[in-house]
Amino acid sequence: MLRVDVSKQLGEFAIEASFASEGQVTGLFGASGAGKTSIISMIAGLLRPDRGTIAIDGETLDDCAARVHVPAHRRRIGYVFQDVRLFPHLDVRHNLDYGRRMNRLGDDPAQRARVTDLLDIASLLDRRPGQLSGGERQRVALGRALLARPRLLLLDEPLGSLDEGRKAEILPYLVRLRDEVGVPMVYVCHDPDEMRLLATQIVMLQRGRVTAFGGAEVLRRSESN
Amino acid sequence: MFDISPTEWTAIQLSLRVATVATLVATPLGIGVAWLLARRDFWGKSAVDALIYLPLVLPPVVTGYLLLLTFGRRGLVGGWLADHLGIVFAFRWTGAALACGVMSFPLLVRPIRLSIEAVDQRLEQAAATLGADPWRVFLTITLPLALPGVLAGMVLGFAKAIGEFGATITFVSNIPGETQTISSAIYSLIQTPDGDAAALRMVVVSILIAMAALVASEWFERRANRRLHGN
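Computed from a predicted structure; not experimentally measured.

Assigned secondary structure in chain B consists of 10 helices and zero strands. Its C-alpha atoms give chain B principal-axis dimensions of roughly 70 × 45 × 30 Å. Residue burial in chain B is summarised as follows: out of 231 residues, 42% are buried.

Right, dumping it as structure tokens:
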């Protein structure tokens with residue numbers, strides 16, 4: 001259960017967002033500039049809300065009134081960025097292993113094998129990020145976030161930087177991720193078809209505000225407008 | 001011509017020791033200061049910035065005299081260190097190392113600061129979401145990615161420390177075997193009749209050391225770049 005009730009002023013732009021979601025995949029849907037990335041940055045702990053609360057499974061991560069702010073590194077929330085952000089000085093193997101080492105988790109070869117098989121990246125382990133294609137990079141970034149064993153996974157337009165062919169290459173992996181890995185996800189995008197395919201609950205955002213919440217019918221309503 | 005006398009050897013060894021110690025002690029400090037200046041905003045930041053660059057623009061003899069006033073036996077800090085910790089800088093090789101460290105500090109900090117500023121902060125954020133606390137972010141992401149700049153700073157600092165003259169001679173004088181570095185040895189030799197040949201030998205030695213430092217830095221930098229972006 002993810003509860004978000006925050007406001008944040010970013011220059012001229014104001015975010016006033018409130019929603020609670022229990023879905024396996026919560027979709028944050030809206031045009032670019034609707035505040036989607038700012039909201040998941042706040043969930044991740046990278047951006048501090050001005051007012052409000054963020055809680056996951058009953059644990060408070062942000063409560064501005066009580067001056068609670070759990071720093072990003074203690075949240076156990078995975079983040080797959082639109083611009084990927086693999087570590088250029090580490091090969092794929094060490095990129096994948098980074099979260100496990102930082103969280104001081106024991107080595108789990110079975111889990112590693114499951115994730116690398118799921119994402120078909122086992123053959124890339126010795127390469128550097130600079131030697132990967134766009135789609136391969138995004139798959140490694142997914143694996144890196146998963147192997148830190150997050151309790152929630154934030155995906156910020158993971159297909160945004162890819163062309164149509166590459167999107168079709170990655171989408172099935174995201175579906176498998178949803179169906180085979182038990183980690184709840186927040187999926188940010190502005191493409192209704194992607195939303196329909198992946199999200200189980202949809203939060204519709206416009207200019208920093210939640211304008212609708214629900215199932216796929218939210219998208220139909222937005223299209224008829 | 002290349003018959004280096006024991007006194008000259010002593011000066012060469014002392015110069016290398018002074019510059020090495022100065023660089024090794026100044027580097028961790030320089031990395032910390034560079035990180036603060038690159039990544040943090042705090043009250044008095046521009047004052048700290050100016051203070052670090054001061055030795056670059058002050059006459060070295062002024063810096064040396066200020067060191068003498070501060071770290072001399074009767075200086076505020078020097079007296080306390082001598083009484084409580086038994087550390088003496090005045091007229092010792094350690095004082096030469098301190099003078100060299102202070103004089104080379106701006107040259108050491110600048111490339112490190114620039115290279116830390118060039119590290120993409122989005123990578124540091126990514127590391128934080130993967131569970132790395134700020135200290136581990138620094139050790140595993142920022143520092144390795146800034147390594148070429150750290151090495152460049154160390155080489156520049158070392159070269160400056162080897163060549164330092166004004167502040168050193170003002171602070172710790174020119175005592176053979178204790179504070180007489182290559183530079184102050186050359187200075188003494190050219191003031192001595194028949195010292196020309198010996199002075200020239202020392203000049204050649206200092207050119208060789210400078211060249212070796214530059215070649216080493218090139219090599220380190222190429223290696224570091226290959227490690228960081230090795231495609």
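Right, let's talk about the overall build of chain A for a bit. Scanning chain A for helices and strands turns up seven helices and 11 strands. Relative to its length of 225 residues, chain A is compact, with a C-alpha radius of gyration of 17 Å against a globular reference of 17 Å. Its C-alpha atoms give chain A principal-axis dimensions of about 45 × 40 × 30 Å. Taken over 225 residues, chain A has a buried fraction of 43%. Counting only contacts in chain A whose residues sit at least 6 apart along the sequence, the fraction spanning at least 24 positions is 70%.

Core analysis: the largest hydrophobic core is formed by 117 residues, its most contacted members being I43, L154 and V186 of chain A together with V18, A99 and C100 of chain B. With 15 residues, the single largest contributor to this core is helix α7 (residues 134-163) of chain B. In contact with A99 of chain B, other than residues within four places in its own chain, are G64, L67, E164, A167, T168, F171 and V172 of chain B.

Turning to helix α1 (residues 36-44) of chain A, a few remarks are in order. Residue and element names in this part refer to chain A. Across the nine residues of α1, seven count as buried, placing the element largely inside the fold. Every buried residue of α1 is listed here: K36, I39, I40, S41, M42, I43 and A44. Within two residues after α1, G45 carries a phi angle of roughly 90°, on the positive side.

What follows concerns unusual backbone geometry. Residue and element names in this part refer to chain A. Positive phi outside glycine occurs at R67, with the angle close to 55°. Turning to its location among the elements, R67 is positioned in the loop between β5 (59-63) and β6 (68-69). Backbone geometry places D120, a non-glycine residue, at a positive phi of 55°. Mapped onto the elements of the fold, D120 is located in the loop between α3 (109-118) and α4 (134-147).

Chain A puts 22 residues into the contact, and the matching count from chain B is 19 residues. If you list the elements that add at least two residues to the side of chain A that touches chain B, you get β7 (77-80) and α2 (92-102) of chain A. For the side of chain A that touches chain B, a count of residues per class yields 11 nonpolar, seven polar and four charged.

All names here are of chain A. Here strand β4 (residues 51-56) pairs with β5 via four bridges, running antiparallel. In the sheet register, I54 faces β5, and the bridge partner there is D62. Between the end of β4 and the start of β5, which pair antiparallel, lie two residues, with D57 showing a positive phi angle near 50°. Here two bridges tie β5 to β6, and the two strands are oriented antiparallel to one another. Note that in β6 the partner of D63 across the bridge is V68. Turn length for the β5-β6 hairpin, with the two strands adjacent in sequence and antiparallel, is four residues, and the turn residue R67 shows positive phi of about 55°.

Residues and elements named next belong to chain B. Direction vectors running N to C along helix α1 (residues 6-39) and α7 enclose 140°, while the axes themselves pass 9 Å from each other. In this structure, α1 meets α7 at a crossing whose hand is right-handed. Residues S15, V18, A19, A22, T23, A26, T27, G30, I31 and W35 of α1 form the contact with α7, whose participating residues are F138, V150, G153, M154, G157, F158, A161 and I162. The residue inventory of the contact of α1 with α7, partitioned by class, reads 12 nonpolar, six polar and no charged.

Judged from the six bridges that link them, strand β1 (residues 2-10) of chain A and β4 of chain A form a sheet pairing that is antiparallel. Bridge pairing in β4 of chain A places L2 of chain A opposite I56 of chain A.

It is worth spelling out the confidence of the model for chain B at this point. As a general rule, the predicted coordinates of low-pLDDT regions are not to be interpreted in detail. Residue and element names in this part refer to chain B. Averaged over every residue, the pLDDT of chain B is 91; the share at 70 or more is 97%. Here helix α10 (residues 196-229) is the element of chain B with the lowest mean pLDDT, 84, and helix α6 (residues 121-129) is the one with the highest, 96. Interface confidence for the predicted complex, expressed as ipTM, amounts to 0.92; the pTM equals 0.88.

Here the focus is the environment of L146 of chain A. All names here are of chain A. For L146, the location among the structural elements is in helix α4. On the basis of neighbour counts, which here come to 23 C-beta atoms within 10 Å, the residue L146 falls in the buried class. It is 34 Å that separates the C-alpha atoms of L146 and G11, two residues lying 135 residues apart in sequence. Look past the residues within four positions of L146 in its chain and what remains in contact with it is G78, V115, V181 and V183.

Attention now goes to the packing of α3 of chain A against α4 of chain A. Packed helix pairs are specified by the crossing angle of their axes together with the interaxial distance, meaning the distance between the axes. Residues and elements named next belong to chain A. Their axes nearest at 10 Å, the elements α3 and α4 cross at an angle of 155°. With respect to their mutual orientation, α3 and α4 come out roughly antiparallel. Crossing of α3 over α4 shows right-handed handedness. Along the contact surface, α3 presents R112, V115 and T116, while α4 presents G143, L146 and L147.

About the thresholds
Just so you know, the residues in each chain are numbered from 1, in the order the chain's sequence is written. To read the labels, note that chains go from A and ligands from 1, taken in the order they are written. Residue-level local features of this predicted model are given only where pLDDT is at least 70; pairs of side-chain atoms are given and counted only at 80 or more, and the full residue set underlies all totals for whole chains, interfaces and linings. Going along the chain from the N terminus, every DSSP run of H or I of four or more residues is numbered as a helix, and every run of E of two or more is numbered as a strand. Using C-beta atoms placed from the backbone, we call a residue buried if 20 or more other C-beta atoms fall within 10 Å of its own, exposed if 12 or fewer do, and partly exposed for counts in between. Both definitions apply: the radius of gyration is a C-alpha atom measure, and the globule rule equals 2.2 Å times residues to the power 0.38. Distance between backbone-placed C-beta atoms decides contact: two residues are in contact if it is within 7 Å. Nonpolar cores are identified as sets of buried Ala, Val, Leu, Ile, Met, Phe, Trp, Tyr and Cys residues joined via C-beta atoms within 7 Å. Residues are sorted three ways: Asp, Glu, Lys and Arg are charged, Ala, Val, Leu, Ile, Met, Phe, Trp, Tyr, Cys and Pro are nonpolar, and all the rest, Gly among them, are polar. Pairs of strands are assigned from DSSP output, requiring at least two bridges between the strands. To obtain each axis, a line is fitted to C-alpha atoms, and for helices this fit is confined to the stretch in contact; angles are then taken between N-to-C directions over 0 to 180 degrees. Working rule for handedness: look at the near helix, and if it is turned counterclockwise from the far one by less than a right angle, call the crossing left-handed; if clockwise, right-handed. Confidence of the predictor in every single residue is expressed as pLDDT, which spans 0 to 100. For this classification, under 35 degrees means roughly parallel, over 145 means roughly antiparallel, 65 to 115 means roughly perpendicular, and everything else is oblique.

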